[in-house]
Amino acid sequence: MIRSLHRWPGLIAAALLLVLSLSGVGLSVFPALETVTAPAQTEAGLTVADLTARVLVTHPDVEQIKRAPSGRITAYWFDNGTPGAAVVDPATGLDAGSADASTVERWLKNLHRSLFLDDSGRIVAAIGAGAMLVLAVSGTALVVRRTGGWRRIFAPLKGPLSGRLHVEIARLSVVGLSLSSVTALWMTASTFGYLPENNVTPPIPNTVSGESGFSVTDIQALRTTPLSALRELTFPYPDDPTDVFTLKTDAGQGYIDQGTGALLAWVEPGTWDRISETIYMLHTGQGAATLGLLLGLMALGVPLMAVTGIIVWIAGRRARPKLHGNVVAGHADTVLLVGSEGGNVWGFAATLQAVLTAAGQRVHAAPMSAFAPDRYTNAARIIVLASTYGDGVAPASARGFLDRLAALPAPPAMPLAILGFGDRSFPDFCGFAKQVERAAEAKGWTAFLQMDTVNRQSPQDFARWGHLLGAAMSLPLELDHQPVAPRTSALTLMSRRDYGADVQAPTAILRFALPHIPVWRRITGLGVSRFAAGDLIGIVPEGSPSPRFYSLASGDKDGFVEICVRKHPGGLCSGQLLSLEPGEAIQGSIRPNPGFRPACGIKPVILIGAGTGIGPLAGFARANTRHQPMHLWFGARHPDSDLLYRPELIDWHTDGRLTSVAAAFSRTEARTYVQDILRRDRARVARLIANGAQVLVCGGRDMAAGVAEAMTDILASQGLTPAMLKAEGRYAEDVY
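Residues numbered from 1 in each chain as written. Predicted model: local features only at pLDDT ≥ 70, side-chain atom pairs only at ≥ 80, totals over all residues. Heavy atoms only, no water.

Student: Would you mind showing me how to read the packing of helix α11 (residues 344-358) against helix α14 (residues 459-473) here?
Tutor: Geometrically, a packed helix pair is captured by the angle between its two axes and the distance between the axes. Running from N to C, α11 and α14 cross one another at 35 degrees; their axes reach a closest spacing of 13 Å. Pair α11 / α14 crosses with right-handed handedness. The residues of α14 that touch α11, namely those facing F348, T351, L352 and L356, are F462, W465, L469 and M473. The residue inventory of the contact of α11 with α14, partitioned by class, reads 7 nonpolar, 1 polar and no charged. (Axes fitted to C-alpha atoms, helices over the stretch in contact; angles between N-to-C directions. Helix = DSSP H or I, 4+ residues; strand = E, 2+ residues; numbered from the N terminus. Left-handed = near helix turned anticlockwise from the far one by under 90°. Contact = heavy atoms within 4.5 Å. Nonpolar A, V, L, I, M, F, W, Y, C, P; charged D, E, K, R; others polar.)

Structure (structure tokens):
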């Protein structure tokens, strides 16, 4: 629901919002220019009486003097029946410039306020302001959800550059855009009389002296009013002794007898008047030029967010493949419901739909948000493919599914199968799919296949599940999913360091040059652009369309791309990588891995790895220039053959980027593994955990399982488990 409130007003009102925001940016400059160009009021103690006397010398027929919030003084008069106006220098009373607004300012005001369409245009502009407010509120809610709560709303972001830019600009602009939207709606409501009138004016005096000619320099009210408090002074109509002076100041307004100088009536502004003035000031910047410029700068975020938002939307649309042979809901044997955020799960859905169709099934594939069991009149089963967004949140195409399920008077008649897509490095792996499973069980919905999961969009996991699904449906299903090849960049090998030959485990640290990435590809997040240690790089080997992923041992700030690779028997990608010589290239692309990296702050970090799993851990240490406490436990076969990063580990320990280093070697007489040295140092590990340490584990699955078992023993004394730390975001694994 929140995404719809954010996406569609933005797409529909994009052109209108661009016009309003850019014209608002232009108008924000004029209050500042007016403040800068207004004649300086340097004379101390200058009063309204002093100014009036000086203006009367230059313009004896002056009818009105106004002071703008910027301090600019303007006099208005008639000269032989011809009206005149000029900016006045308060020090001399002489004309200092034209009082007319520039043609550009008048044009921008008409465009911004009414789109040159009078009252109809004002209504359209108000609709635009309302859309902007909806975008600001819904966008804030989405950022809070994405970052994990209000306290982390300014946390660093990962992902494609276009998405990051969209959120970063929004975080900087949202307060100003919300303020501009609310004040615009208020002013429109006031213009059309939808707000209560509370403009307090003094009553017209019943009696006046009937005289004229009292010197303005002797009028007490003008002599005691500082010029800085003046709003407006209106002179009596010539040759009408019954008319009066009208004085408006910051403190109120009243009438002055032109014959005696007596103050005949006075009233202070009401609360509503002050609120309305404040709203006007906040929206226009009149009287607050710096604020106006700041709001103008924030308004510049609108066109930038429009561009990045459209790029994000297009990328999501492109990620959803076309489904051939998709039947209508009422004719389907199998209903396939998809919950996807970025569109990747739709690729798996297309593969499943095609295989089921080839097997003779009539398949209807649709987003989970379109869930409507009463339409599935011929369906024998429902299959749900559900990814998870953020911390267990429903993905974009699954909005409303759980509410619709809960509202059903009875469970659907056709049985259910659920396949969750997620990343095991996140604490709530496949969290939304599990929510669907619990909701289905609570409703009493029968399952014809136990819920299963796919980790990191693994085609192998998907194929394995396909065999189970085929058995449950009595169909021979072979789900050979071929992901769409990512847009890659050429990575040229700069250098390599080889290890492991003595223990029959060829391993290398490969360092590649950063490729040149065009600006448009950086904006759209394509290719190798921004990345950090712990992110993944997908290498596409020759002879295969599917990338193999390796954890990065460097960040883009290091100026190179570095990975650790061990040769696997029969390994297509590892074999090609280890055969590279400096100057040769291979294709690769970045996949963010935000769940596996050190948390910002001063709390300690426990790094645990073995073999090539030391790669991202070394990258974390290399980037630890602020000397956050980092403690490394790692395992290798032999110190003389495959101790990766040995010189660097010594240097980083010496300069404080690594607080401590402990190693285990499995091919020496001691024959120890990393979980053994963890148990040996259990007191120190437990103390670090008690102090709030985060645990990051990287390496093979068997190693990770052994580490988890050791950590379970170590944490038992504190009443903790690795699962509990994962739930707190303090235990993350990157395993293979």
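Once you've had a look at it, read on.
Student: So what exactly am I meant to see when it comes to helix α20 (residues 682-690) here?
Tutor: Where α20 is concerned, the buried positions are V685, A686, L688 and I689. Here the buried residues of α20 occupy an arc of 160 degrees about the axis, which is enough to place them on one side. Exposed and oriented more than 90 degrees from the buried face of α20 are A683 and A690. Packing partners of the buried residues in α20 comprise β20 (605-610), β21 (630-636), α19 (674-680), β23 (694-699), α21 (701-715) and α22 (722-727). Remark: G692 follows α20 within two positions and exhibits a positive phi of approximately 95 degrees. (Buried < 20%, exposed > 50% of the residue type's maximum accessible area, 1.4 Å probe, protein only. Arc of directions from axis to C-beta.)

Student: How do you make sense of the pattern of salt bridges when you look at a structure like this?
Tutor: Considering all chains together, one arrives at 18 salt bridges under this definition. The closest approach of N and O atoms between E34 and R72, which form a salt bridge, is 3.7 Å. Of this pair, E34 sits in helix α2 (residues 14-37) while R72 is found in the loop between β1 (62-67) and β2 (73-79), placing the two residues 38 residues apart along the sequence. Relative accessible area serves as the criterion here: at 13%, E34 is assigned to the buried category. The class of R72 is partly exposed, set by a relative accessible area of 23%. With a closest N to O distance of 3.1 Å, R231 and E277 form a salt bridge. You can see R231 sitting in strand β5 (residues 230-234) and its partner E277 sitting in helix α8 (residues 271-284), a full 46 residues away along the chain. Given a relative accessible area of 33%, R231 falls into the partly exposed group. Overall, the relative accessible area of 36% leaves E277 in the partly exposed class. (Salt bridge = Lys/Arg side-chain N within 4 Å of Asp/Glu carboxyl O.)

Student: I would appreciate a short explanation of the packing of aromatic side chains in the present structure.
Tutor: Think of a pair of aromatic rings as described by two things: how far the centres are apart, and how the planes are tilted against each other in angle. According to the stated counting rule, one finds 12 aromatic pairs in the structure shown. The interplanar angle of 25 degrees and the centroid separation of 5.9 Å between the aromatic rings of F371 and W445 together place this pair among those described as stacked. Of this pair, F371 sits in the loop between β10 (363-367) and β11 (381-387) while W445 sits in the loop between α13 (431-443) and β13 (452-455), and the two are 74 residues apart along the sequence. F371 sits in the buried class, given a relative accessible area of 3%. Judged by its relative accessible area of 6%, W445 is buried. Aromatic rings pair up to connect F348, F421, F462 and W465 into one cluster. Above the face of the F560 ring, R511 is positioned so that its terminal group lies 3.8 Å from the ring centre. (Phe/Tyr/Trp six-rings, centres within 6.5 Å; stacked < 30°, edge-to-face > 60°. Lys NZ or Arg CZ within 6 Å of the ring centre and 35° of its normal.)

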